[in-house]
Amino acid sequence: MLFHVRMDVAIPHQIDPAERAGLVTAERERALALQESGTWLHLWRIVGKHSNISVFDVRSSDELHEILWTLPLFPFMTIDVTPLAAHPSRRKST
């Protein structure tokens, strides 16, 4: 199953800088691991915002839920999830 996921991140300004750096590093490592496994297919930054648009390929909405909850920055995110389906007019892979 494919899901379009928008993540808006709002890390509080008063958080300790070392803690912030650790969270950002851990988030990057988790994202890379999910990309390498083929689960996090696409990751794009939204220009001018601390936000991204992503596409995940998972077995179920429950699996996606578990993945999102394990992201180190999850407590500071607003997340919008949209399930995706193939469009009948899409170009077929060869």
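Our subject is the structure that appears above.
Residues numbered from 1 in each chain as written. Predicted model: local features only at pLDDT ≥ 70, side-chain atom pairs only at ≥ 80, totals over all residues. Heavy atoms only, no water.

Points about helix α1 (residues 17–36)
Point 1. Between its first and last C-alpha, α1 extends 29 Å over 20 residues, near the 28 Å set by a 1.5 Å rise per residue.
Point 2. Within α1 the residues assigned to the buried category are L23, E27, A31 and L34. With its buried residues spanning 70° around the axis, α1 presents them on a single face. Residues P17, A18, E29 and E36 are exposed on α1 and point more than 90 degrees away from its buried face.
Point 3. If you follow the buried residues of α1, they end up packed against β2 (40–45), α2 (61–70) and β4 (77–84).
Point 4. The backbone nitrogen of A18 has a side-chain oxygen 3.1 Å away, supplied by the residue at the start of α1, namely D16.
Point 5. Among the residues trailing α1, G38 stands out with phi positive, at a value near 85°. (Helix = DSSP H or I, 4+ residues; strand = E, 2+ residues; numbered from the N terminus. Expected span 1.5 Å × (residues − 1). Buried < 20%, exposed > 50% of the residue type's maximum accessible area, 1.4 Å probe, protein only. Arc of directions from axis to C-beta. Contact = heavy atoms within 4.5 Å. Polar contact = N/O pair within 3.5 Å; in protein donor to acceptor, adjacent residues only side chain to side chain.)

A closer look at a nonpolar patch on the surface
Point 1. On the surface, a cluster of nonpolar side chains totalling about 230 Å² of accessible area is made up of L2, L41 and L84.
Point 2. By the secondary structure assignment, L2 is in strand β1 (residues 2–9).
Point 3. Owing to a relative accessible area of 35%, L2 belongs among the partly exposed residues under this scheme. (Patch = residues over 30% accessible without salt bridge, like charges linked within 9 Å, V, L, I, M, F, W, Y side chains within 5 Å. Areas by Shrake-Rupley, 256 points an atom, 1.4 Å probe, with all protein chains shown as cover. Salt bridge = Lys/Arg side-chain N within 4 Å of Asp/Glu carboxyl O.)

Limitation: the analysis is restricted to geometry and does not speak to function.
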